[in-house]
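# Summary of the model geometry
These are the residues of each chain, in order.
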Amino acid sequence: MQPHISVRNLSKVYSGGFTALNQVSLDIHQGEIFALLGPNGAGKTTLISIICGIINATSGSVSVAGFDNVNNYRQARSQIGLVPQELSTDAFESVWNTVTFSRGLFGKPPAPDKIESILRQLSLWDKRNNRIMTLSGGMKRRLMIAKALSHEPRILFLDEPTAGVDVELRKDMWEMVRGLREQGVTIILTTHYIEEAEEMADRIGVIRKGEIILVEDKAALMTQLGRKELRLQLLKPLDALPDALRSGSLSLANNGAELIYTFDTQKSPSGVADLLRTLGELGIGFGDLQTRESSLEDIFVGLVKHPKTTD
Amino acid sequence: MNLYGVRAIYLFEMARMKRTLMQSVASPVISTALYFIVFGSAIGNHMGDIHGVSYGAFIIPGLVMLSLLTQSISNASFGIYMPKFTGTIYEVLSAPVSYVEIVMGYVGAATTKSLILGAIILLTARLFVDYQIVHPIWMVVFLVLTSLTFSLFGFIIGIWADGFEKLQLVPLMIITPLVFLGGTFYSIQMLPPFWQTVSLFNPVVYLINGFRWAFFGVSDVHMGVSLAMILIFLTACLGIIGWIFKTGYRLRS
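Residues numbered from 1 in each chain as written. Chains lettered and ligands numbered in written order. Predicted model: local features only at pLDDT ≥ 70, side-chain atom pairs only at ≥ 80, totals over all residues.

Each helix and strand in chain A was counted, giving 10 helices and 14 strands. When the backbone C-alpha atoms are referred to their principal axes, chain A occupies close to 80 × 45 × 40 Å. Sorting the 311 residues of chain A into buried and exposed places 36% on the buried side. Sequence-distant contacts, at least 24 apart, represent 71% of the contacts inside chain A between residues at least 6 apart. (Helix = DSSP H or I, 4+ residues; strand = E, 2+ residues; numbered from the N terminus. Buried ≥ 20, exposed ≤ 12 C-beta atoms within 10 Å, placed from the backbone. Contact = placed C-beta atoms within 7 Å.)

Right, let's get into the sheet that holds strand β4 (residues 59-64) of chain A. Residues and elements named next belong to chain A. One open sheet accounts for 4 strands, arranged β2-β1-β4-β5; its pairing is antiparallel. At either end of the open sheet lies a strand with only one pairing partner, and these are β2 (19-28) and β5 (67-68). In this structure, strand β1 (residues 5-13) lies alongside β2, joined through 6 bridges in antiparallel fashion. When the bridges of β2 are listed, I5 appears paired with I28. Strands in contact with helix α1 (residues 44-52) are β1, β2 and β4; relative to β1, the strand with the most contacts, it is inclined by about 115°. (Pairing = 2+ DSSP bridges. Axes fitted to C-alpha atoms, helices over the stretch in contact; angles between N-to-C directions.)

Moving on to the pairing of strand β9 (residues 203-208) of chain A. Residues in a regular strand point their side chains to alternate faces of the sheet. All names here are of chain A. The element β9 is extensively covered by neighbouring structure, given that 5 of its 6 residues are classed as buried. As paired strands, strand β3 (residues 33-37) and β9 are joined by 4 bridges and run parallel to one another. If you follow L37 over to β9, its bridge partner there is V206. Pairing of β9 with strand β10 (residues 211-217) involves 6 bridges; the strand directions are antiparallel. Of the residues in β10, the one forming a bridge with V206 is L214.

The next thing to look at is unusual backbone geometry. All names here are of chain A. Its identity is not glycine, yet N9 carries a phi of approximately 45°, on the positive side. You can see N9 is positioned in strand β1. A count of 13 C-beta atoms within 10 Å places N9 in the partly exposed class. Even without being glycine, E152 reaches a positive phi, approximately 55°. Looking at where E152 falls in the secondary structure, it is placed in the loop between α5 (137-149) and β7 (155-159).

So, about the sheet that holds strand β11 (residues 227-234) of chain A. Residues and elements named next belong to chain A. Read from one edge to the other, the open sheet built from 4 strands follows the order β12-β13-β11-β14, with strand pairing classed as antiparallel. Each end of this open sheet is capped by a strand with a single partner; those strands are β12 (250-253) and β14 (286-293). In this sheet, neighbouring strand axes are inclined to one another by 20° on average, regardless of whether the strands run parallel or antiparallel.

Let us now look at the domain arrangement of chain A. Each assigned domain of chain A is listed with its residue range as follows: domain 1 (5-222) and domain 2 (227-293). The C-alpha-based centres of domain 1 of chain A and domain 2 of chain A are spaced at 45 Å. (Domains from an automatic or database assignment.)

This part takes up the nonpolar core. The biggest cluster of nonpolar side chains holds 72 residues, and the ones touching the most others in it are B:M65, B:Y106 and B:F155. The dominant element in this core, judged by the number of residues it contributes, is helix α3 (residues 55-86) of chain B, at 16 residues. The next biggest cluster of nonpolar side chains, apart from the first, holds 63 residues, and it includes A:V95, A:L119, A:L158 and A:A201. (Core = buried A, V, L, I, M, F, W, Y, C linked by C-beta atoms within 7 Å.)

Moving on, we get to the interface of chain A and chain B. Contact with chain A, which involves 27 residues of that partner, is made by 22 residues of chain B. It is helix α3 (residues 95-105) of chain A that provides the largest number of residues to the side of chain A that touches chain B, a total of 5 residues. Its residues assigned to classes, the side of chain A that touches chain B shows 12 nonpolar, 10 polar and 5 charged. (Nonpolar A, V, L, I, M, F, W, Y, C, P; charged D, E, K, R; others polar.)

Two packed helices can be described by the angle between their axes and the distance between those axes. Residues and elements named next belong to chain B. Between helix α5 (residues 99-128) and helix α6 (residues 136-160), whose axes approach to 9 Å, the crossing angle comes to 130°. The angle between α5 and α6 falls in the class oblique. Here the hand of the crossing between α5 and α6 comes out right-handed. Contact residues: α5 offers V103, Y106, V107, A110, T111, S114, L115 and G118, while α6 offers L143, V144, S147, L148, S151, L152, G154 and F155. Of the residues assigned to the contact of α5 with α6, the class counts are 10 nonpolar, 6 polar and no charged. (Parallel < 35°, antiparallel > 145°, perpendicular 65-115°, else oblique. Left-handed = near helix turned anticlockwise from the far one by under 90°.)

Below is the structure:
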């Protein structure tokens, strides 16, 4: 199946010489939620800006729904809605006018019913005649989404959409994103809240210093790179690990009162049974135990510190 | 062509004019009225006719030009600079609108505002001075071409400017002195020969004189030369804007 967005060997070198993107290639499929993760300055916003046509690439190409975003920019851009990271709004304009403006800008005829529906969906209908400057931060964030949705895009970019948004509104937004995905809209999001990517995304891409270091199905990523941790609260603290327990997977914590065993979720057998048997043989008792699976955040931090390139 | 896109930009800019009516219309009208009172009525009564035209009427084309040039530049430069400043330019740049359509929207609105302003100033002048327009069609042609050309020029300044100071620099430091020295309040034939020659290097001389010819049928330079000068400037502005969009200068860089 043809990718909905195809990025090929994309590079961007700013006039000061800073390389923001270096030979980035990426395919995003129709109807998926793709989370792009990366530390600050990794190139996420530059990548989105080039795909959307806001800045020129130094080299490489982007096609959107099969249309080159330079040579067939009208067809390419008309597919895309963008919710930028910054709350960039015309403070003196009214909610209704600014959403109407966005729809017209993207070449769509006026459709008051459609705009009303979007504003109601985002709980902005009551504020339609208010000036944007009178809105709260959360309302402005919703307004940015309303503007992006006003021309009924098939692809939606959400660049840090929930930054500074309260928990309730964040949940509402993710509900809306799920609804859009069900309608077949392709969603690309960047976020610093990795638990959101973990909860929402179908696939994860990690960008670091302008290079894509990993693109993977989220579930596969969690399985491949996820690690589990078994913590045993010992009845008697140990000064050091006995020779029989000396391995890279075991360590002591809390002044020897806690034994930590780290293992791959994919590894079978996990080695837990062997460990417990060895402890019994050595006469090391424990009062309690807990297991913890590594989160996407742990995986992300690990990748950014020790990148692993995949196809 | 994305006509809905052009319409959206145009209406958005016209709405900005409505919101800033005092700044966009009232302020230049008041300052022009003051010029008519001071130069036209007070001082003008002690001045003789110039080229057979009363002094009060003689200064009308120049005063209209003064407002037209400064307001065209100001409106168009603010129109494109403000989205850059607030960050809302992302929406225009990511929309399926061509460079020509963007210019049509922004410059079209700035030109419309200038034409409205020019018409209001002419009506205001009528309150102070009685005047006839000898070549009304040419007057409209000059009015439209000048508004369009200097709106394009303002659009260039708005893209070039990276601060409010630069935005004001050209209208205040270049255009206003050129208009004052371009024969707004006098005929350049009243100047010593050396300064007459120097004045011919001032492009505004040609604009004012072309406009004055349309009003009174008299001017210091031939109207054909005036028309050619404004068309050359219009072409130059279009060329620069084409280059800006081709390279993404200060927009997509």
